[in-house]
Each structure stands twice: as structure tokens, then as C-alpha cells.
Amino acid sequence: MFSKETYISRRQELKRLVGEGVIILFGNNEAPANYPANSYAPMRQDSSFLYYFGQHREGLVGVIDIDNDEEWLFGDDIDVEDIVWMGYTPSVKMLAFEVGIAHTAPLSAIKNAICKKSGNRQSLRENIHFLPPYRFDTKIQIMDLLGIHPSQQKEAASLKLIKAVVKMRATKSAEEIAYIEAACDVGYVMHTTAQLLIKPGVTERFVAGQVDGIARSLAQGNSFATIFSQHGEIMHGNPSDARLEDGRLVLCDAGCELNDYCSDHTRTMPVNRKFTQRQLEIYSIVEACHDYVLEVAKPGVKYQDVHFAVCRLMTERLKELGLMKGDTDEAVRAGAHAMFLPHGLGHMMGMDVHDMEGLGQIYVGFDEETHPNLEQFGTNCLRMGRKLEPGFVITDEPGIYFIPHLIDLWKKEGHCKEFLNFDKLEEYKDFGGIRIEDDLLITADGCRFLGSKRIPYHPSELEEFMKENI
């Protein structure tokens, strides 16, 4: 939690950007797993509520009345029965005081309080600003308060508020960067632990469980469900009971949350701690693409342009191996590189691992002069394309994947056949996939990776680390 003054200043700036009306920011509630008393734990607060109101307790709603310059925190104080089971929790009034809010009321009073400010239901709907909801209980709250059916709430969400929140949360303060750095340091422990545990015969689930245990022990928990699989060609491969096999690669994509801020790293390792020549040839291309981003990402440059610069480098190197052919620029324009890289180079990161994605990727990752291409396979998965600014935190995560079903489909259709060597691709159907990912801070004149230690990824360094620490 930051200082009281930080939250006061954030709300003042939000009021200035939105201009008029009433802003409602819904905190999250406990979410039952399989029956009411067995909730998913720990409860994860809504990130935008945290950004402006700072409190983690469930069942809170923040209201900012711009026109009357009033700020309210609505919520119910807990009773003795709750204290018996859960321990003492400060009153809503005390929680409000901690973040500089003068007015509080029970949750049941929010409807009358909001209606008094707007006069009637129609003006209420016109003057209220809320963000697109993603939880069903929040959708019910909005329907009860504003009469907007859940199916219409995404469209009814306030574009003014969305753009204001994105503008503020996109640029990280020095305090926020320090928190992300600390999360990256836990990420270092998570990934190096995985590197030390990897060997033939160990199950994917066992290694992933140890990685998750570190996130829970040294931080608040995972920033997303850990991806750990020998099938690196599956973007979100869940850990299974499969045993690690000699001669294969295994991909680990994992991060943690610490002080409400995230880390997100990926490493790909040889199970037997030594790359084969064929693995090394592909790995070195991903390594070069990953490091190239440090040279080209800087303020004023579109991340979309960085993405395509990486795609051109990847294409050139794949041509050297005989997997691609033809003119590099034409191949990239045609989207032939998406056979190997069917996702974008990275995404914004902060309080959410895909920062603010729930507000609409078109507002988070793009701007007035940079628009998404929703038609071309691979390019349509570009989450971040906008012009970079100092204080942005983004991921740098190129990869090369050999997806048998995609190879078969494109070969059958003859798609991009002038740029792809399908006979050569047949030889790689059993390869899997490689991704290398780190978290990047855009600085005043360039960029740098976050975290005080770099998780080993250069081939000789990685092999040495894994062998020396057996």
C-alpha cells in the first residue's frame, strides 16, 4: 500500500481527466470455489479499485462525485461472527481514512446515495462512469443500481473513464517500478528453481508445483497460472503428469504478484541440461530476437514496429536454416512468419500481468495512430502496438513454435508456400517450441530489463548453471 497522499493525488487526477459526473469503482467479492464457504483464496482485489482506493477487503465500492467534489467508500463493517472465523478487520471508516476519503456508508445505501446525485434513473445512467465488469456479481450490482442488463454492460461502460484509467496506469511511478523489480526478483527464484529441478523422470506437475510454492512463499502468489510443458508449441500448456523425457525441451512461463504488482518470465530448457545442435540452432534465433528488442525499443517508437523488426530478423535467420525462403519484407507482410510466431512480441504489465486487458485491448495496447490488424493470422494477436513512453512496462517474449496441425493446414491450403519450405518443416513436427521472456522498462532514452538478477538464458550460461547446481 502506498501513502495516503498517493491515493488522494490519483483520484484528483482521475477527476480532472473524466471531467464531470459520478465515477463508481467496484471492488471484488469473495468467489466460491465449489460451495459458498469454500472460497478461492486469497481474494484478489480489482486492480483499478486498488489503484485509486488501495484497500484489499472484499465487498467495497468506491464512489467519486466529480461535480460535488465528494469521495465515498461504501461497505459493511464485519460483525462478531465474522471476527470469530476471520479475525478483526478495521471498520470501513478506518479503511477510508487510510486512503484519504471523508465519507462512508453501508453498501445498502449506495443506490439511494447515487440516485440523489442524479435525480432519476435515466440521468443516473447518463452521468455514471463505470469500467467494463468481468465478474458476475459485479454485473448484478450494476444491473440493480443502473438497470443495465449484463449483456449490455460492456457497451455501456464509460469510454472517458476507460481512457483516463489507461492513461494513468500505463505510466508507472518510481514506487511502482520498485515493486515490479521486487516481483521480478521473486521470479528469478521461481525460474532458477525450475532449472535446478529439471531432469528426465520428474513430472511436469512436480516442477510446476515447486515453482508455485515459491510464489506463495515469497510473494502473494502467482500472477497467472503457471505454464510448464514439454509441448512448448502450445502457448498455454498446463503442467501434466507426464514425465520429462531425455532429449526434449521444456518451457516454463511463470510469474508472481508482490505488493499487488506482477512479474512474468519465460525460459526454455533442455531436459538433460544440454542442447542438441538442432535445438541450439532454433534457440539461438529466439535468443537473438529477445536481445534485439533492447536495441530498438525506446520512447517514440511503436511497439508494433519493434514486433515486425523482430519478425524480419527471425525470418532472415530461419531462411539460413532452410525453413523459410523468398524476400524477407514480403514474407513478413504476408504473415508467413506467423507459422513460427503466432502471437505478439509482448503486452503491458503492472498490477495485472496483462495490464488492464479487461478494459479493452484496443485502448490499452493501441492509440489514435496505431490500430490493430484483426484480419491477419498472428498479427491479430498483437496485444501491444502503440508508441512507447517512459515508464511503460512491457514484456519482451519472442518465440518459435512448430505446431503440427498448423503446418498440415497451411501445407494443404498452400498458404504462404512461396515463403515456407514445407518439406523441411515436416522434419520439425516433433520439435515443440521455444520462448524467452523478460520484463522491459521504457526509460527516458531507451529501455532495460527489470529485476536485479537475470534468469540464465544464454545457452552456455544456462547449461553451465544447470550442470553446476545438480
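Preceding block: the structure.
These remarks concern the structure in this document. (Residues numbered from 1 in each chain as written. Predicted model: local features only at pLDDT ≥ 70, side-chain atom pairs only at ≥ 80, totals over all residues. Heavy atoms only, no water.)

Focus: the overall build of the protein chain
Move 1: When helices and strands are counted, the protein chain shows 18 helices and 18 strands.
Move 2: In terms of C-alpha radius of gyration, the protein chain reaches 24 Å, essentially the compact-globule figure of 23 Å for 470 residues.
Move 3: Along the first, second and third principal axes, the C-alpha set of the protein chain runs to 70 × 50 × 40 Å.
Move 4: Counting only residues that meet the buried cut, the protein chain has 52% of its 470 residues in that class. (Helix = DSSP H or I, 4+ residues; strand = E, 2+ residues; numbered from the N terminus. Rg over C-alpha atoms; globule rule 2.2 N^0.38 Å. Buried < 20%, exposed > 50% of the residue type's maximum accessible area, 1.4 Å probe, protein only.)

Quick notes on the nonpolar core
Move 1: Membership of the largest hydrophobic core comes to 138 residues, with the highest contact counts inside it found for Leu14 and Phe340.
Move 2: Sort the elements by how many residues they give to this core and helix H10 (residues 174-197) lands first, with 8 residues. (Core = buried A, V, L, I, M, F, W, Y, C linked by side-chain atoms within 4.5 Å.)

Quick word on the sheet that holds strand E17 (residues 438-442)
Move 1: A sheet is described by the order of its strands in space; here 3 strands give the open sequence E14-E17-E18, paired in antiparallel fashion. Sheet topology places strand E14 (393-396) and strand E18 (447-449) at the edges, where each strand pairs with a single neighbour. In this sheet, adjacent strand axes meet at a mean angle of 35° when their direction is disregarded.
Move 2: In terms of strand pairing, E17 meets E18 through 3 bridges, oriented antiparallel. Looking at E18, one finds that Ile442 is bridged to Cys447.
Move 3: Helix-sheet contacts for helix H12 (residues 277-296) involve E14, E17 and E18, and the interaxial angle to E18 is about 140°. (Pairing = 2+ DSSP bridges. Axes fitted to C-alpha atoms, helices over the stretch in contact; angles between N-to-C directions. Contact = heavy atoms within 4.5 Å.)

Topic: the sheet that holds strand E11 (residues 256-258)
Move 1: The strand order E8-E11-E12 describes an open sheet built from 3 strands, whose pairing is antiparallel. In this open sheet, the two strands that pair with only one neighbour each are strand E8 (221-222) and strand E12 (261-262).
Move 2: The sheet contact formed by E11 and E12 spans 2 bridges and is antiparallel. Across the sheet, residue Leu258 finds its bridge partner in E12, namely Tyr261.

A short note on the side chain of Ser48
Move 1: Topologically, Ser48 is positioned in helix H2 (residues 47-53).
Move 2: The contacts of Ser48, once residues within four sequence positions are left out, are Leu25, Leu131, Val165 and Arg169.

Some remarks on the environment of Gly209
Move 1: Assignment of secondary structure puts Gly209 in helix H11 (residues 204-218).
Move 2: Here Gly209 falls in the partly exposed class, since its relative accessible area comes to 35%.

Some remarks on unusual backbone geometry
It is generally the case that most residues other than glycine have a negative phi and that most peptide bonds are trans.
Move 1: If you check the backbone angles, Asp69 has positive phi at about 50° while not being a glycine.
Move 2: Considering the arrangement of structural elements, one finds Asp69 in the loop between strand E4 (61-65) and strand E5 (70-74).
Move 3: With relative accessibility at 53%, the residue Asp69 sits in the exposed group.
Move 4: The phi dihedral of Cys416 falls on the positive side, at around 55°, and the residue is not glycine.
Move 5: Structurally, Cys416 is set in the loop between helix H16 (404-413) and helix H17 (422-426).

Considering the pattern of salt bridges
Move 1: For the structure shown, the criterion picks out 30 salt bridges.
Move 2: Between Asp144 and Lys111 there is a salt bridge; the shortest N-O distance is 3.6 Å. Of this pair, Asp144 sits in helix H7 (residues 136-146) while Lys111 sits in helix H5 (residues 110-118), placing them 33 residues apart in sequence.
Move 3: Asp430 serves as the salt-bridge partner of Arg278, at 3.1 Å between the closest nitrogen and oxygen. Note that Arg278 is positioned in helix H12 and Asp430 in the loop between H17 and strand E16 (433-435), a separation of 152 residues in sequence.
Move 4: Classification of Arg278 as partly exposed rests on a relative accessible area of 29%.
Move 5: A residue is classified by how much of its surface remains accessible, and Asp430, at 61% relative accessible area, is exposed. (Salt bridge = Lys/Arg side-chain N within 4 Å of Asp/Glu carboxyl O.)

Considerations on the packing of H12 against helix H13 (residues 303-320)
Move 1: Two elements in contact, H12 and H13, have axes whose closest approach is 10 Å; the angle formed by their N-to-C orientations is 150°. Classified by the interaxial angle, the pair formed by H12 and H13 is roughly antiparallel. H12 and H13 meet at a crossing whose hand is right-handed. On H13, the residues that touch Ile282, Ser284, Ile285, Ala288, Cys289, Tyr292, Val293 and Val296 of H12 are Tyr303, Val306, Ala309, Val310, Leu313, Met314, Arg317 and Leu318.
Move 2: Here the contact of H12 with H13 is composed, by residue class, of 14 nonpolar, 1 polar and 1 charged. (Parallel < 35°, antiparallel > 145°, perpendicular 65-115°, else oblique. Left-handed = near helix turned anticlockwise from the far one by under 90°. Nonpolar A, V, L, I, M, F, W, Y, C, P; charged D, E, K, R; others polar.)

A few points about the packing of aromatic side chains
Move 1: Across all of its chains, the model carries 13 aromatic pairs by this definition.
Move 2: Judged by centre distance (5.8 Å) and plane angle (70°), the ring pair of Phe377 and Trp410 falls under edge-to-face. Highlighted residues: Phe377 in the loop between helix H15 (361-364) and E14 and Trp410 in helix H16, separated in sequence by 33 residues.
Move 3: Three or more aromatic residues link up through ring pairs in this structure, and these residues are Phe2, Tyr7, Tyr179 and Tyr261.
Move 4: Here the basic side chain of Lys4 rests over the ring of Phe97, its NZ or CZ set 3.7 Å away from the ring centre.
Move 5: One residue, Arg278, lies across the ring of Tyr428, its end atom 4.9 Å from the ring centre. (Phe/Tyr/Trp six-rings, centres within 6.5 Å; stacked < 30°, edge-to-face > 60°. Lys NZ or Arg CZ within 6 Å of the ring centre and 35° of its normal.)

Quick look at helix H9 (residues 159-170)
Move 1: When the terminal C-alpha atoms of H9 are compared, their 16 Å separation across 12 residues agrees well with the 16 Å that a helix rising 1.5 Å per residue should span.
Move 2: The complete set of buried residues in H9 reads Leu161, Ile162, Ala164, Val165, Val166, Met168, Arg169 and Ala170.
Move 3: Each element contacted by the buried residues of H9 is listed here: helix H1 (4-18), strand E1 (22-26), H2, strand E7 (128-129) and H15. (Expected span 1.5 Å × (residues − 1).)

A word on the packing of H10 against H11
Packed helix pairs are specified by the crossing angle of their axes together with the interaxial distance, meaning the distance between the axes.
Move 1: As a packed pair, H10 and H11 sit with axes 9 Å apart at the nearest point and diverge in direction by 155°. Judged on the interaxial angle alone, H11 and H10 are roughly antiparallel. Viewed along their axes, H10 and H11 form a crossing whose handedness is right-handed. Taken together, the residues of H11 that come into contact with H10 (itself represented by Val186, Val189, Met190, Thr193, Ala194 and Leu197) are Phe206, Val207, Gln210, Val211, Ile214, Ala215 and Leu218.
Move 2: Of the residues that constitute the contact of H10 with H11, the class distribution is 11 nonpolar, 2 polar and no charged.

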